[in-house]
Amino acid sequence: MSILKGVGVALITPFNEDLSVDFDSLTKLVEYNIENGTKYLVVLGTTAEAATLSAEEKKQVTDHIIKVNNQRLPLVLGIGGNNTLEVKKQIEETDLSAFEAVLSVSPYYNKPNQEGLYQHYKVLASTGKKIIIYNVPSRTGQNIEAETTLRLAREFPNLFLIKEAAPNILQYFDILRKKPEGFSLVSGDDEFTLPVTLAGGDGVISVIGQAYPKEFSTMVQLAFEGKIQEAYAIHNKLVDMTRLIFAEGNPCGVKVILTEKGIIKNHLRLPLVKASEGLYDKIKAEMACIQ
């Protein structure tokens, strides 16, 4: 059984006013999540604004999180792209000794068909590394259909988990019903976390979870225990915030919460910009309601 169960969080990258990486705030963020029930940390995912980090900064961020975490939680490293052979090379050449698995987003922009998506992950599976499939069609422009996921799951045991973020929740349920033993699914959509977990999912790789780790982790644990009413009480308390943080793109919304909590400073790198004043005020007001 995978140890990647419960709430994993896709860590943001904090920046200073000059847009250098804010390592002190990153330390605070990691400690905050470890102390409040997060089960594993995802490094250099999309939420980390990884596309705007240099190769050297990625290494520095990775090394820093490894050091601060000090083997307390399992770690997952994001390595993905739309050049299959380059992604394969990166996976093979990266020291993954500190990581439980690689999270690899499906190829974006190219818009391969289902056979192309299958072949992409087949190549990545040939590395022999443990790889999490990441389907997020809102960002990539192409959906990995349930049958393609199931085909990969049946043929390649090291493709052991999918972070599913399709907009149609029925796709999650189809995978959960038909998946082979040993293959897991976690929600890649914060709002779908509870129903997907209740249907047999293994939790979530979350954005909002890093801002509300105690609440989100409690909700998922209650779902595992079949305490549905208690779990939905937390879901309902957080659902409006979950929608707000994505209203102007990710991670500008969650950075507002973390700023208000005193964990980070509110800076993003272009082409992303800070939340508008209107959204900032709405998030701040909703924080008061959650408390």
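Treat the numbers as computed from the prediction; the structure is a model and nothing was measured. (Residues numbered from 1 in each chain as written. Predicted model: local features only at pLDDT ≥ 70, side-chain atom pairs only at ≥ 80, totals over all residues. Heavy atoms only, no water.)

Enquirer: How do you make sense of the UniProt feature "active site" (unreviewed entry) in the protein chain when you look at a structure like this?
Expert: As annotated in UniProt, the feature "active site" (unreviewed entry) corresponds to Tyr134 and Lys163 in the numbering used here. In sequence the annotated residues extend across 30 residues, while in space they remain close, none of their C-alpha pairs exceeding 4.8 Å. Among the annotated residues just listed, those that line the largest pocket are Tyr134. Along the chain, Tyr134 turns up in strand S5 (residues 131-135). We classify Tyr134 as buried; its relative accessible area is 8%. Residues within four places of Tyr134 in sequence aside, it is in contact with Thr46, Leu103, Ser104, Val105, Ser106, Tyr121, Ile144, Lys163 and Ala165. If you trace the backbone, Lys163 turns up in strand S6 (residues 159-164). Beyond its immediate stretch of four places on either side in the chain, Lys163 contacts Leu103, Ile132, Ile133, Tyr134, Asn135, Val186, Ser187, Gly188 and Ile205. A polar atom in the side chain of Lys163 sits 3.4 Å from the side chain of Tyr134. (UniProt positions renumbered as here; feature names shortened; annotations may be inferred. 1 Å grid on protein atoms, 1.4 Å probe; cavity = no way out; pocket = protein on both sides within 12 Å on 5 of 7 lines; lining within 4 Å. Helix = DSSP H or I, 4+ residues; strand = E, 2+ residues; numbered from the N terminus. Buried < 20%, exposed > 50% of the residue type's maximum accessible area, 1.4 Å probe, protein only. Contact = heavy atoms within 4.5 Å. Polar contact = N/O pair within 3.5 Å; in protein donor to acceptor, adjacent residues only side chain to side chain.)

Enquirer: How do you make sense of the packing of helix H10 (residues 228-244) against helix H12 (residues 277-290) when you look at a structure like this?
Expert: To describe two helices that pack against each other, one gives the angle between their axes and the distance between the axes. Where H10 contacts H12, the two axes come as close as 10 Å, and the packing angle between them is 165 degrees. Taken together, the axes of H10 and H12 lie roughly antiparallel to each other. Two packed elements cross with a definite hand, and for H10 against H12 that hand is left-handed. Residues Lys237, Leu238, Asp240, Met241 and Leu244 of H10 form the contact with H12, whose participating residues are Leu279, Lys282, Ile283, Glu286, Met287 and Ile290. A per-class count over the contact of H10 with H12 returns seven nonpolar, no polar and four charged. (Axes fitted to C-alpha atoms, helices over the stretch in contact; angles between N-to-C directions. Parallel < 35°, antiparallel > 145°, perpendicular 65-115°, else oblique. Left-handed = near helix turned anticlockwise from the far one by under 90°. Nonpolar A, V, L, I, M, F, W, Y, C, P; charged D, E, K, R; others polar.)

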